[in-house]
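# Observations on the three-dimensional arrangement
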Amino acid sequence: MRPAAFLFVLSSVAVAQAPLRWLDLDGDASRQVTVREVAGKYLGHPTTVLLPDDHTLLCVYPEGHGKGPIVLQRSDDAGRTWSEPLPVPANWATSKETPTIHRLVDPRDGTARLVLFSGLFPIRSSISEDDGATWTPLAPIGPPGAPFGGIVAMSSVIRLANGDYAAYFHDDGRFFSADGRRAQPVEFALYETRSSDGGLTWSGARELWRGSDLHLCEPGVIASPDGRRLAMLLRENSRRHNSHVMFSEDGAATWSAPVELPSSLTGDRHVGRHAPDGRLLVSFRDMAEGSPTLGDWVAWVGTFEDIVHRRDGQYRVRLSRNWRGVDCGYPGVEVLSDGTFVLTTYGHWRPGGAPFIRSVRVHLRELDDLAHAPPPVFTREPGTVHPTPRPLPWWRDRVAEDLALARKGGHRLVMLGDSITQSWRAGGRQVWGKYWEPRGAINLGVSGDRTQHVLWRLDHGLLDALASENNDVRCVVLMIGTNNSNGTDCTAAEIAFGIEAIVGRLRRGLPKAKVLLLAIFPRGERPDRQRDKNARASALAAAAFAGDDMVVCRDIGRVFVGEGGVISKKIMPDFLHLTPRGYELWAQCIVRDVDALMK
């Protein structure tokens, strides 16, 4: 179904506007409130609801990336402090995807209800009629016998002029029906469902838009200050375009065709509220190409008319730096009667740590004052160069064991890296005994380590131990970075910076030792983007030491791959870690270099 004809006309006349002002609140800890943080546990994707008393806030989120048991927390002081997780129905633990929470009022008798939604197939809801004290179990919504599913349900819910509610979600073909599957080419669709009884029951889903050239999703619907017009802000998931917007001026009966938004509003999961002065704040994950805050949690401040005319707006504000790729956002946005915004979301707010739930408080007049100060300089020290421990008991134990072994002494050769290096102790044990044990080697590979973890180990005793008089380290063999390359966690340049930082530490801490820097080994059965990223990172790191006689760079990856770049399970059973044969090839490739460097 294509959108119906639409009467709203976008102005083609440029409207004069002051340039967009960038602001940065990241370092202002006085604004930050930790809703919940658990070492080593992934907490993500929250939404919030503010009750009419202007001080009670509820927050729901999964323990996991979308899928996972739903947690409910409550604040009785407008988000300054939060309860521990509250009792919830047992089947909230079966949630398949990001939960959302909304407050609806039944137009028939004025009963207020909190409605929590959990998506994928089928979309389910849980209802509370006592401000969140008790809840019904999750149950499918939709007409009897005709459930439907979708993604990020419901990303927005609005009240219509007649008291009904319209709720919005999207799907990519996989979850709308029980037997759904993703078509080729992939098509995204936007849907609406309505309730006339305050969220007790919902209509069948109405398709608003469908397309394959644009991957529009996560609809965030915002009404104009007078309530006559609606804007639907949309994430563009193919990453080939900016975010988009659709409009309605007939109470959501019809919607315009999508049009592209400026970069200042490009991101994921837009949620907006109006301030008392009529200005609009929209919060989201920044995904604008070339943005200095790419992957961070940001807010946009402007007016509804700015969106209509696709202007840049007044302010672009970094709320919190996200330290791992683009894994943050999905904000709750609430505005108190005094104009204070309470913004709540998840992210990797500490380098190397698991994501947790954070709130940031801000008033627009504070942004107005901040706009008179000099503009911020958005420096982005990559997380790859920030020494970071891992909050895992086994990791701490392993690091302590390695440190004790380094202090024991007698080492002339160091093997430093992640699980591929660590497994010289496993699949490579016999090869280690043949090649490296006679050369006085120590294995300092730790499974799962990234560049920042190696830096932390070096800075917290390991480098000093290796430099002590009871060691005579002549050569360090370094191969690191593959764990930094997962998904969108790091760019090739960021990985290279981390590798360069490690080599720099080794050069300063062990000035007489030479470094054999190995390119990141190929991974994955066939060539892909991750392999390409690792190859670019390795080349960048090698180029940084081209003039350093104490650093020798080698790329031996070709010995692990066959025709067409295909990796055999005889070399890497999981297309990442090596078999004994793989370790033999590794040793054969570098033993001459090692011997030359150890002289």
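Residues numbered from 1 in each chain as written. Predicted model: local features only at pLDDT ≥ 70, side-chain atom pairs only at ≥ 80, totals over all residues. Heavy atoms only, no water.

What follows concerns the overall build of the protein. Counting its secondary structure elements, the protein contains nine helices and 29 strands. Computed over its C-alpha atoms, the radius of gyration of the protein comes to 27 Å, within 12% of the 25 Å expected for a compact globule of 599 residues. Principal-axis analysis of the C-alpha atoms places the extent of the protein at approximately 85 × 55 × 50 Å. The burial tally for the protein puts 58% of its 599 residues in the buried class. (Helix = DSSP H or I, 4+ residues; strand = E, 2+ residues; numbered from the N terminus. Rg over C-alpha atoms; globule rule 2.2 N^0.38 Å. Buried < 20%, exposed > 50% of the residue type's maximum accessible area, 1.4 Å probe, protein only.)

For helix α9 (residues 580-598), which comprises 19 residues, the first-to-last C-alpha distance of 25 Å matches the rise-based estimate of 27 Å (1.5 Å per residue) to within 8%. Buried residues of α9: G582, Y583, E584, L585, W586, A587, I590, V591, D593, V594, L597 and M598, and no others. For α9, the secondary structure elements touched by its buried residues are β25 (413-417), α4 (419-422), α5 (429-435), β27 (475-479), β28 (514-518) and β29 (551-554). (Expected span 1.5 Å × (residues − 1). Contact = heavy atoms within 4.5 Å.)

If you look at the biggest cluster of nonpolar residues, it comprises 36 residues, and the most contacted ones within it are L416, I502, L506 and L517. The leading source of residues in this core is helix α7 (residues 492-509), at eight residues. Contacts of L506, omitting those with residues within four sequence positions, involve L416, L458, L463, V476, P511 and V515. Of all hydrophobic cores here, the second largest spans 33 residues; its members include Y435, F521, I571 and L585. (Core = buried A, V, L, I, M, F, W, Y, C linked by side-chain atoms within 4.5 Å.)

A separate point is the sheet that holds strand β6 (residues 99-105). One open sheet accounts for four strands, arranged β6-β7-β8-β9; its pairing is antiparallel. The open sheet is flanked by β6 and β9 (139-140), the only strands paired with a single partner. Across five bridges, strand β7 (residues 112-118) lies against strand β8 (residues 124-128) in antiparallel orientation. The residue bridging L116 from the neighbouring strand is S126, located in β8. (Pairing = 2+ DSSP bridges.)

Note on placement: T345 falls in strand β23 (residues 340-347). Of note is the side chain of T345, whose polar atom sits 3.4 Å from the backbone oxygen of Y330. Those residues in contact with T345, other than ones at most four positions away along the chain, are P46, W297, G329, Y330, P331, F356, I357 and R358. (Polar contact = N/O pair within 3.5 Å; in protein donor to acceptor, adjacent residues only side chain to side chain.)

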